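Geometric and topological summary
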Amino acid sequence: MNRQDPVNPQTVLNSILEIVGNIAKISAAGSYIYRGEPKRYEKVSSTLYRKLEDAKMLHRNVEEVQKEEVDAAKMYTKKTDEFEILTEIQHFGGKTNLIDFTTDYCIALFFASESFPFEDGRIILQDKTGTITKWIREPQNLDPTSRVRGQKSVFVQPPDGFIKPDIEIVIPQSLKQPLLNYLKKEFSTSIENIYPDLHGFVRNQDNRWSARANFAKGITYKEQADEAGNPKEKNEKHQQAIKSFTEAINLMPQFAEAYSTRSFISRIEGNFDNAVTDATKAIELNPRSALAYTQRGSIYRAKGELNKAIDDFTKAIALDRGNAIAYSARGEVYLSTGNFDSAIIDFNKSIIIGMKSPEAHNALGSAYQGKGDSDNAIANFNEAIRLKPDYP
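A short note on the overall build of the protein chain
Helix and strand counts for the protein chain come out as 18 helices and eight strands. Taken against the 2.2 N^0.38 rule, which gives 21 Å for 392 residues, the C-alpha radius of gyration of the protein chain at 27 Å runs more than 25% over that of a compact globule. Seen along its three principal axes, the alpha-carbon backbone of the protein chain occupies a region of about 90 × 45 × 35 Å. Put simply, the protein chain has 392 residues, and 44% of those count as buried. The contacts of the protein chain with a sequence gap of at least 6 include a subset with a gap of at least 24, amounting to 66%. Across the protein chain, the centroid of the 51 positively charged side chains sits 1 Å from that of the 53 negatively charged ones.

This is the structure we're talking about:
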């Protein structure tokens, strides 16, 4: 699959269609269930297996441990069917030896894309007529509004706690957010349908609040960096801010403001490629954000990609006619390329809107000077000096 130029919308769509088409083609030739994972884990394993692995207790038989857990859970429920108890434990995020699969590959694609935005995910196609046949457990008598029904879930209960994937298809990190957008638009597959209950809301509510807390911490580090007395301290605070924004994004991948602010810091630190990637994601999440376009335009300008910078500043202005910063920034690009007439129009517009600063008049004076209009150049330089008498 072509993974180049992830910013180009047509390239992104073609890549998504290639993945979906490949899954559909394979599915038509066999009998599969599907699992989406946001990271390429070493094994396809149950949460109980992973718990035992983390605790260095893999010498225990995973099925025996699960039986102990079910017996303990019976104290908390009136249900007696052990599989029904297991599915409820799974529903609430508990540890079981059930591995979630779905009969709908769009739902699996959702899970492969919904988190860990900076790591590749994967979708697993498992032949249900193969080795796993005797381990498949299908829920019965489901509530029509249950999450298990919403996710079209089936469970695999392997005796060893893990299985080997039959077919794995990688979901590149650059396609995760566009794929979520595509699934919602084309198949109505979204978080509201995947988690159709208040438990789903609570799960995501916790994530959102943790994400906001990390974002606030990142803003504090950014402000400390602004006040830092030396470059080393500034850089350290910026790195702490980036880490906090990254944690916020991992918890809430649709956090556009976290992408945008992390992009701003990356630009200051000179990491222009990272800055463009983040600004682009912020735009994908909120295409009506004039601020995000202004931010990306500033990065392109710093990279020397002036035509792209002009395009983004123009989009920002189209979204917000009162965006004085975008007018001024576009004027600076026009000035640097010798397009003095356009620069003069933009600088004047930014000043009229309210950006009446010594820097704005100095830039406008330079544009008039470049055009050979000495009178207007001197008038604007005089105004810059009036506003800031110690302006060199």
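Moving on, there is more to tell.
With respect to the packing of helix α3 (residues 62–73) against helix α4 (residues 82–91)
Remark: α3 packs on α4, axes separated minimally by 10 Å, with the N-to-C direction vectors making an angle of 90°. On the basis of the axis angle, α3 is roughly perpendicular to α4. The residues of α4 that touch α3, namely those facing Q66, K67, V70, D71 and A73, are E82, I85, L86 and I89. A per-class count over the contact of α3 with α4 returns five nonpolar, one polar and three charged.

A closer look at the confidence of the model for the protein chain
In low-pLDDT regions, the fine details of the predicted coordinates are not to be read closely. Summarising the model, the protein chain shows a mean pLDDT of 91, and 94% of its residues fall at 70 or more. Contacts from residues 1–6, a stretch scored under 50 in pLDDT, to residues over four places away or in other chains number 14 contacts.

A closer look at unusual backbone geometry
The residue K56 is not glycine, and still its phi comes out positive at about 55°. One can find K56 in the loop between α2 (47–54) and α3.

Quick look at the nonpolar core
Of all hydrophobic cores here, the largest spans 26 residues; its most connected members are I23, Y105, L109 and I123. For this core, the secondary-structure elements that each account for two or more residues are α1 (9–28), β1 (32–37), α5 (105–113), β4 (121–127), β8 (167–171) and α7 (176–187). Top element by residues in this core is α5. It accounts for eight residues. Setting aside residues up to four positions removed in sequence, Y105 forms contacts with V20, I23, A24, S27, Y34 and I123.

Digging into α1
With 20 residues, α1 extends 28 Å from end C-alpha to end C-alpha; this agrees with the ideal 28 Å at 1.5 Å per step. If you check which residues of α1 are buried, you get T11, V12, S15, I16, I19, V20, I23 and S27. Looking down the long axis of α1, one finds its buried residues gathered within 165° of arc, a one-sided arrangement. In α1, the exposed positions that point more than 90 degrees away from the buried face belong to K25 and A28.

Description of empty space enclosed by the protein
Sizing a probe to match a water molecule and rolling it over the atoms shows the empty space that remains. In total, this model carries two cavities of 30 Å³ or more according to the counting rule given. In this model, the second largest cavity occupies a volume close to 40 Å³. Lining of the second largest cavity is provided by S113, P117, K176, Q177, L180, P253, Y259 and K281. The leading source of residues in the lining of the second largest cavity is α7, at three residues. Taken together, the residues of the lining of the second largest cavity break down into four nonpolar, two polar and two charged.

Here we look at the pattern of salt bridges
Scanning the model with the defined rule gives 24 salt bridges in all. Salt-bridge contacts for R330 lead to D346; the nearest nitrogen and oxygen are separated by 2.6 Å. A residue pair is termed long-range when its members are at least 10 positions apart, and R330 in helix α15 (residues 324–336) and D346 in helix α16 (residues 340–353) qualify at 16 residues. On the basis of relative accessible area, D346 is assigned to the buried category, the value being 2%. Shared partners join several salt bridges into a network, and the residues in it are R35, E37, R40, R122 and E168.

Description of the side chain of T87
On the secondary structure map, T87 appears in helix α4. Those residues within four positions of T87 in sequence are excluded, and the remaining contacts are L98 and F155.

A few points about the packing of aromatic side chains
Per the counting criterion, the structure on display carries eight aromatic pairs. When the centroid spacing of 5.4 Å and the interplanar angle of 50° are considered together, the rings of F215 and F245 count as tilted. Taken together, the positions of F215 in helix α9 (residues 198–226) and F245 in helix α10 (residues 231–251) put the pair 30 residues apart, joining distant regions of the chain. Aromatic pair F215 and F255: ring centres 5.0 Å apart, planes at 35°, arrangement tilted. Taken together, the residues F215 in helix α9 and F255 in the loop between α10 and α11 (256–268) connect sequence positions 40 residues apart. By relative accessible area, which is 10% here, F215 ends up buried.

Rules and cut-offs
Residues numbered from 1 in each chain as written. Predicted model: local features only at pLDDT ≥ 70, side-chain atom pairs only at ≥ 80, totals over all residues. Heavy atoms only, no water. Helix = DSSP H or I, 4+ residues; strand = E, 2+ residues; numbered from the N terminus. Rg over C-alpha atoms; globule rule 2.2 N^0.38 Å. Buried < 20%, exposed > 50% of the residue type's maximum accessible area, 1.4 Å probe, protein only. Contact = heavy atoms within 4.5 Å. Lys, Arg positive; Asp, Glu negative; His and termini not counted. Charge placed at Lys NZ, Arg CZ, Asp CG, Glu CD. Axes fitted to C-alpha atoms, helices over the stretch in contact; angles between N-to-C directions. Parallel < 35°, antiparallel > 145°, perpendicular 65-115°, else oblique. Nonpolar A, V, L, I, M, F, W, Y, C, P; charged D, E, K, R; others polar. pLDDT = per-residue confidence, 0-100. Core = buried A, V, L, I, M, F, W, Y, C linked by side-chain atoms within 4.5 Å. Expected span 1.5 Å × (residues − 1). Arc of directions from axis to C-beta. 1 Å grid on protein atoms, 1.4 Å probe; cavity = no way out; pocket = protein on both sides within 12 Å on 5 of 7 lines; lining within 4 Å. Points joined across faces, edges and corners; volume = space filled by probe spheres on them. Salt bridge = Lys/Arg side-chain N within 4 Å of Asp/Glu carboxyl O. Phe/Tyr/Trp six-rings, centres within 6.5 Å; stacked < 30°, edge-to-face > 60°.

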